[in-house]
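Observations on the model geometry
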Amino acid sequence: MYRTALRNVLAHKGRLLMTALAVMLGTAFVAGTMVFSDTFGKAMRDSNSKSYSDVSVQIVDRAAGSSASAREKSEKSAATLTDATVQQLGALPGAASARGVVSGFTGVADRNGTLIGQAWSAKGANFAPGTDGKDARYPMAEGQGPKTAKEIALDRKTADTGGYKVGDTVRVASNGPVVEAKLTGIFTTDDPVVSTGGTLTLFDRATAQQLLLEPGRYSSIVLAAKPGTTEAALLAQAEQKLPAGPQLDAETGQKLKDDEQEMITRGTENMRTMLLFFAAISLFVGIFIIANTFTMLVAQRTRELALLRAIGASRKQVTGAVLVEALVIGALSSVAGLVVGVGIGAGLQSLVHSMNDGMPTGSLVIKPLTVAVTLVVGVLVTVLSALLPAMRASRIAPVAAMSSGDQPSSQKSLVVRNTIGSVLAAGGGALIAYGASTGNSDGRIPVALGAVLALVGVFILLPLLSRPVIALIGPALGKLAGTPGKLARQNAVRNPRRTAATAAALTIGLTLVSGLTVLGASVGGALDKAVTSSMKADYLVSTANNMSLSPKVPAEVAKTAGVTASSPLSTVYWELNGTTKAISGLNADSFDKLVSVELTSGSTANFAQGQILIDSDVAKKNNVTAGSALTVTYPDDTTGQITVGGVYEAGGMLGPVVLANSEIVKHEPEPYISDVLVKGADGETAALKQALKDSTGANPVIEVKSKQDVRDDFSQTITIALNLMYGLLAMSVIVAILGVVNTLAMSVFERKREIGMLRAIGLDRGGIKRMVRLESVVISLFGAGIGLLLGCFMAWAINGTLKSSMAGLTTVLPYGQLLLFLALAGVVGLVAAIWPARRASKLDILESIKTD
């Protein structure tokens, strides 16, 4: 029986080709993901292994960073890292040296004034030379380190990108005015910021503190241990000398290195999990192709299998023979998938490096686990997919099976199948509807569970749905394509199970694609409304990396010619009635000119009197209205009462609570300033936009955006995310196309006699081609249509669970894109039918008619 199985694989290798390709693509995705994530992770770990090579103990001031919370920043007076701290720690018995480090965001402009690199990876630091005038962390390849406020040094890559040489004037900036400085040195470094593609600018100590922190303050202190002193012992000594303050963190160099390695590992594992999820989708789509292929093969070999039963083969042997065929196909395809996957991994590594040549690279990592997982997954998926067809083959009675053709399903089996499918689909739909009705995160689990049940139920019901759905377009096919159109419709519904299995692959892909598209359109619409519906201002001035703007920027913007009103948009986090809330700050005198709020009670006039405005969600939760009082806890832990001046509709750019900036600075003198809102005398004009840019000194890290610019930014972010998802789903769509090709090709083989008869009675080659193509289009559109409906329904339900966290969220159906997906599905059907249609049209009439 095993020899028979192997001969059958060789005899039907053409018919098994698409199945093998489907398995190969799925396993290649798995192998490529594992190879890439292992290689990338190892390269990142190797690159960062030197980050703390000179660190025995590091003390970090969390309140010194730009990302520090308002409360942490308010504590800076209690405990900061100063020169006195450096001297005190450097005098510890186990300390060989102590070095103060200043670190913060610093952008570098190229010769055109454009920011070099990405804002999030631009860093500035202090040059800390020893007695020899050198800083071991940053060896100078050219020139020397900075010594005065008008001198800087750049890393080699940044200097080359900007076209700078020693002696050139370079424009740099953090969150305030631009600094023009002389480039005195170009250095090399293994700093992770540079090795991962960022920019690094060095200042002398005093300048770094002035620009990035405040005079006399360090963001961290690095200690090196004396020989014989362990890192743990030095840490214990340092902790006894540190000034009191909850914002100071002290760790050993080894702990910092281990934490960073763990963070990299977590990141690569998360990336791997996401990619493997899409690989699993491809393999899941492949299951339908494999099962369909073996079902058709079993039907085509009915007499052969019956003869084996008649001469003594048991049911178990017949089942085993079919499964051995699947095993051989799975094994060979998995090996090919592994080879292709290694190539995919190498390609992804090259792609990442080409997009950012600063990203670390290394030799390919092919672990034994990758090989084992790829082979096991490929074989298991193939064998399990062929299990049901193999069991069906063994149950055909020898005498009954001696007639050609597939055996019809019994009425009982159809009733059971449709009943199970209806129950699952109805139960899943009910769970989805319930989850969506909750309006918050509590509904996400019911929606997820319901989605799985509904999908399985719909897949089971697809054969039942195929007849009435395809019948709807039958008249149109007859009118448009005549006899070939009528034949195509009949062929599409002749074997509903086969049609359903072929269409299911496209249904999965279109469900995910349409669902993501609707979600993207819905979230994009809500964000657009939230940001721009309440914005009367013509422009927003902000930093490219979302850092807090310098207090100097709002003052310079206000003095710009053509500006009639402006205000910094600040943010603080205070407790209201015991719950921490984000409080937005605006200038009271320009509030009504820059923003618009829909008040349900109270008046914006109260805002100028120091009263607070809250949205309807906060008002409902605290059971307050205009005129009520709230207890507020300030950063210094003092409390007070504040009057509610008005309640407005939730949503919009202002957040849940708004208070005048004049009231905020009484308790928090340096709030986080995210934007400056600007109203122009003549509205949005190119001249005003340029004037605002000039008022910041043409700072490369400060952006001036109109309402449309803000919309475009959100739209671009969502588009990039959607395109990434579409790209990851592309493999499953390719596998689905292979399924359509496979089904049509095998169907043509089955219907050789029928096609020969059609040719004999007058249907020409062109008519045969049209028949096969239209059959393919009908099946593709059926699967795509069901997928679009499911995707839209799922997106509606998910939107329902997001309403509590995203005010104004409604389900938006982008009809143009959805119709485009449906049209593309039709094109996929046409493309998939090219080879089968050509093959069918070239069949010899007489040879086909006499086929058994």
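Here the structure is a predicted model, which is why all the values come from computation and not from measurement.

Before going further, it helps to examine the side chain of Thr382. With respect to the helices and strands, Thr382 occurs in helix H12 (residues 368–394). Once residues within four sequence positions are removed from consideration, Thr382 is found in contact with Val23, Ile290, Ala326, Ile329 and Gly330.

Looking now at the pattern of salt bridges. Tallied over the full model, the rule gives 20 salt bridges. The partner of Asp135 in a salt bridge is Arg137, and the shortest N-O contact between them spans 2.8 Å. Considered together, Asp135 and Arg137 belong to a single accessibility category, that of buried residues. Between Asp713 and Lys705 there is a salt bridge; the shortest N-O distance is 2.5 Å. With relative accessibility at 30%, the residue Asp713 sits in the partly exposed group. Connected through shared salt-bridge partners, Asp38, Arg272 and Lys367 make up one network.

A few words now on the sheet that holds strand E2 (residues 95–101). Pairing is antiparallel across the open sheet formed by four strands, whose spatial order is E2-E11-E1-E12. The open sheet has two edge strands, E2 and strand E12 (248–252), and neither has a second partner. Averaged over all pairs of adjacent strands, the angle between their axes in this sheet comes to 15°, without regard to strand direction. Bridge count for strand E1 (residues 57–61) against E12 is five bridges, and the pairing is antiparallel. When the bridges of E12 are listed, Val60 appears paired with Asp249. Sheet contacts for helix H4 (residues 83–90): E1, E2 and strand E11 (220–225); angle to E2, the most-contacted strand, approximately 165°. Packed on one face of the sheet, helix H8 (residues 231–241) meets E1, E2, E11 and E12 and runs near 160° to E12.

Between helix H16 (residues 496–532) and helix H24 (residues 765–802), whose axes approach to 6 Å, the crossing angle comes to 35°. The handedness of the crossing between H16 and H24 is right-handed. Broken down by class, the residue content of the contact of H16 with H24 amounts to 14 nonpolar, 12 polar and no charged.

The next thing to look at is the pairing of strand E19 (residues 639–648). Within E19, seven of the 10 residues are buried, which leaves the element mostly enclosed by the surrounding structure. Two strands pair when backbone bridges link them, and strand E16 (residues 599–602) and E19 are joined in this way by three bridges, in the antiparallel orientation. By the bridge assignment, Ser601 is partnered in E19 with Val647. Pairing of strand E17 (residues 612–615) with E19, which is carried by four bridges, proceeds in the parallel orientation. Bridged to Ile614 within E19 is Val647.

Moving on to the pairing of strand E15 (residues 579–586). Regular strands have side chains that alternate between both faces of the sheet. In the sheet, strand E14 (residues 563–576) pairs with E15 via seven bridges, with the strands oriented antiparallel. By the bridge assignment, Ser570 is partnered in E15 with Gly585. In sequence, E14 turns back onto E15 through a hairpin of two residues, with Asn577 there showing a positive phi of about 50°. Here E15 pairs with strand E20 (residues 657–660) via four bridges, running parallel. Its bridge partner lying in E20, Ser584 is registered against Val658.

Further remarks concern the side chain of Thr370. Checked against the element boundaries, Thr370 lands in helix H12. By relative accessible area, Thr370 is classed as buried at 0%. Discounting chain neighbours no more than four positions away, the residues touching Thr370 are Ala31, Met34, Val35 and Asp38.

Rules of the game
Residues numbered from 1 in each chain as written. Predicted model: local features only at pLDDT ≥ 70, side-chain atom pairs only at ≥ 80, totals over all residues. Heavy atoms only, no water. Helix = DSSP H or I, 4+ residues; strand = E, 2+ residues; numbered from the N terminus. Contact = heavy atoms within 4.5 Å. Salt bridge = Lys/Arg side-chain N within 4 Å of Asp/Glu carboxyl O. Buried < 20%, exposed > 50% of the residue type's maximum accessible area, 1.4 Å probe, protein only. Pairing = 2+ DSSP bridges. Axes fitted to C-alpha atoms, helices over the stretch in contact; angles between N-to-C directions. Left-handed = near helix turned anticlockwise from the far one by under 90°. Nonpolar A, V, L, I, M, F, W, Y, C, P; charged D, E, K, R; others polar.

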